[in-house]
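Observations on the model geometry
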Amino acid sequence: MPEGHTIHRLARRVRDSFRGEHLDVTSPQGRFASGAALVDGRVLRRVDAHGKHLFLGFDELWVHVHLGLFGTVTLAAAPAPDPRPTVRMRMVGGSRYLDLRGPTICEVVTAAHKATIHARLGSDPLRADARPDDAYGRIRRRGAPIGAVLLDQSVVAGVGNVYRSEVLHRAGVSPFLPGRLLAEPVWAGIWEDLTALLRAGVRSGRIVTTAPEHRSRRSGRVRRDDALYVYGRTGEACRRCGARVRADDLAARRVYWCPTCQPE
DNA sequence: GCAAAATGTCAAG
DNA sequence: TTGACCTTTTGCA
C-alpha cells in the first residue's frame, strides 16, 4: 500500500531484478494486452520513479504504473506460478518475475508523454532534482490548509495520507494552518524531516515515524502499533503528550492530529 | 455471503 | 464536494 517510499523501493528492486534483460511481458487479465505486446521481448533499460509514479523504460517506450490505493506488486524468484486472474501485467526475466495487480494506471507512453507527467508533478524529496523552495512558493500562494496542500501531488510528490499526518505531528504544526501562514524555517524543517522519513521508508519498506522513546519497547523490531504517532489512532493517547488523538476530514481524506502538540 | 475499509486520483456537478 | 474506479482483507451475519 503505497506512498512515495513504496514506489522508489519498488523501482530499486525492479532495477536490480531486471535491468538489461529481455522481458516477457503479458497481461493475464487482458486489460493491458495491447500495451504488453508493445514492449514484450524488449530489453528493460531504465527505471524511474517520481512521487507515486513508476516508469519502466524500454528504449523509446515507457511502461507507466500508478498503484493507486489498491495496487500491489509481487516480485519473486522465477518460475512464476499460474497467475491470479486479476494480474494486469506480468513480466518475466531470467531469474525473477513481477506481477502487478489492481493499479490505477498501467499504460505504455512515449518519452514526450512521460515528460508531461513529470511536468505536472511537484518536488519529490526522494529525487535529486527536488526543489523544496519551489514547493514552499506553491504552499505560500495557496490558501488551502497545509494538511491539504501536502497531499497535492503537484506541490510535493510522494506524500500520502500516513506521511502527511505524521510529519505534521512531528513538526507540531496543525493540519489546518493556512499554507500562507507557514513560516519558511518551519517548512524547511518539515521538508528535511520528510526526506529522512521517506528515505527510511525506502530502506525498510514500511512507515516508521516514532522516536524510540515514544515506543512501548525501545529496542528490537518496531511493533506495528508502535510505528506511528497519530495516523489511525483516533481517540487513543498521543504518544508524546497523552492527549486524545483527533480525526477530521481534510482534502477528502481522514487527517489525524493531536490538539495539544499541534495547536490551531 | 456481503459490506466496509485501505498508505489514491480524477471527472462530473 | 461526491462518486467512480481498481483489489484484497477483515469483520459481521
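Calculation rules
Residues numbered from 1 in each chain as written. Chains lettered and ligands numbered in written order. Predicted model: local features only at pLDDT ≥ 70, side-chain atom pairs only at ≥ 80, totals over all residues. Heavy atoms only, no water. Helix = DSSP H or I, 4+ residues; strand = E, 2+ residues; numbered from the N terminus. Buried < 20%, exposed > 50% of the residue type's maximum accessible area, 1.4 Å probe, protein only. Pairing = 2+ DSSP bridges. Contact = heavy atoms within 4.5 Å. Axes fitted to C-alpha atoms, helices over the stretch in contact; angles between N-to-C directions. Domains from an automatic or database assignment. Buried area = accessible area lost by both parts, 1.4 Å probe. Salt bridge = Lys/Arg side-chain N within 4 Å of Asp/Glu carboxyl O. Phe/Tyr/Trp six-rings, centres within 6.5 Å; stacked < 30°, edge-to-face > 60°. Lys NZ or Arg CZ within 6 Å of the ring centre and 35° of its normal. Near = heavy atom within 4 Å. Polar contact = N/O pair within 3.5 Å; in protein donor to acceptor, adjacent residues only side chain to side chain. Nonpolar A, V, L, I, M, F, W, Y, C, P; charged D, E, K, R; others polar.

Looking now at unusual backbone geometry. With an omega dihedral of 5°, the bond running from A78 to P79 counts as a cis peptide bond. Mapped onto the secondary structure, P79 falls in the loop between strand 5 (72–77) and strand 6 (87–92). The phi dihedral of A251 is positive, around 60°, even though this residue is not glycine. Take A251: it is sitting in the loop between strand 9 (246–250) and strand 10 (253–257). The phi dihedral of A252 falls on the positive side, at around 70°, and the residue is not glycine. Looking at the element boundaries, A252 is found in the loop between strand 9 and strand 10.

The buried fraction of strand 2 (residues 46–50) is high, at 4 of 5 residues. The sheet contact formed by strand 2 and strand 3 (residues 53–58) spans 5 bridges and is antiparallel. In the strand pairing of strand 3, D48 is matched with F55. Hairpin geometry of strand 2 and strand 3 is characterised by an intervening segment of 2 residues between the two adjacent antiparallel strands and by a positive phi of about 60° at G51.

Moving on, we get to helix 4 (residues 132–141). Helical geometry note: an α-helix holds 3.6 residues per turn, so side chains three or four residues apart project in the same direction. Considered for burial, the residues of helix 4 that qualify are A135, Y136, G137 and I139. Where helix 4 is buried, its residues contact helix 5 (146–149) and helix 7 (184–204).

What follows is about the sheet that holds strand 5. The 4 strands lie next to each other as 1-6-7-5, forming an open sheet whose pairing is antiparallel. Each of the sheet's edge strands pairs with one partner strand only, and the pair in question is strand 1 (24–26) and strand 5. When strand polarity is set aside, the average angle formed by the axes of neighbouring strands in this sheet is 10°. Here strand 6 runs beside strand 7 (residues 96–101); their pairing, made up of 5 bridges, is antiparallel. Paired with R90 across the bridge in strand 7 is D99. Against the sheet, helix 1 (residues 4–18) touches strand 5, strand 6 and strand 7, its axis set at about 145° to strand 7.

This next bit is on the domain arrangement of chain A. Along its sequence, chain A is carved into domain 1 (4–120) and domain 2 (132–257). Taken together, the 10 residues of domain 1 in the interface contact 16 residues of domain 2. Roughly 870 Å² is buried in total at the junction of domain 1 and domain 2, and carbon and sulfur atoms are behind 59% of that figure. Ranking the residues of domain 1 by area buried against domain 2 places H5, R9 and K52 at the top, with a combined share of 60%. Seen at the junction of domain 1 and domain 2, the total is 0 salt bridges. For the side of domain 1 that touches domain 2, the element with the highest residue contribution is helix 1, accounting for 5 residues.

Below, the discussion takes up the packing of aromatic side chains. Given two aromatic rings, their pairing is described by the distance between the two centres and the angle made by the two planes. Here the structure, examined in full by the defined rule, presents 3 aromatic pairs. Sitting above the plane of the F55 ring, K114 keeps its charged end 5.0 Å from the centroid. Above the face of the Y229 ring, R240 is positioned so that its terminal group lies 5.4 Å from the ring centre.

As a further point, take the protein's contact with DNA strand C. Taken together, the neighbourhood of DNA strand C is formed by Q29, R31, F70, R84, T86, R88, R101, G102 and T104. Backbone atoms, meaning sugar plus phosphate, form 56% of the atoms of DNA strand C positioned within 4 Å of the protein. T86 has a polar side-chain atom sitting 3.0 Å from a phosphate oxygen of DNA strand C. In this structure, R88 approaches DNA strand C through a side-chain N or O atom, which is 3.4 Å from a sugar or linking oxygen. Looking at the surface near DNA strand C, its residues break down into 1 nonpolar, 4 polar and 4 charged.

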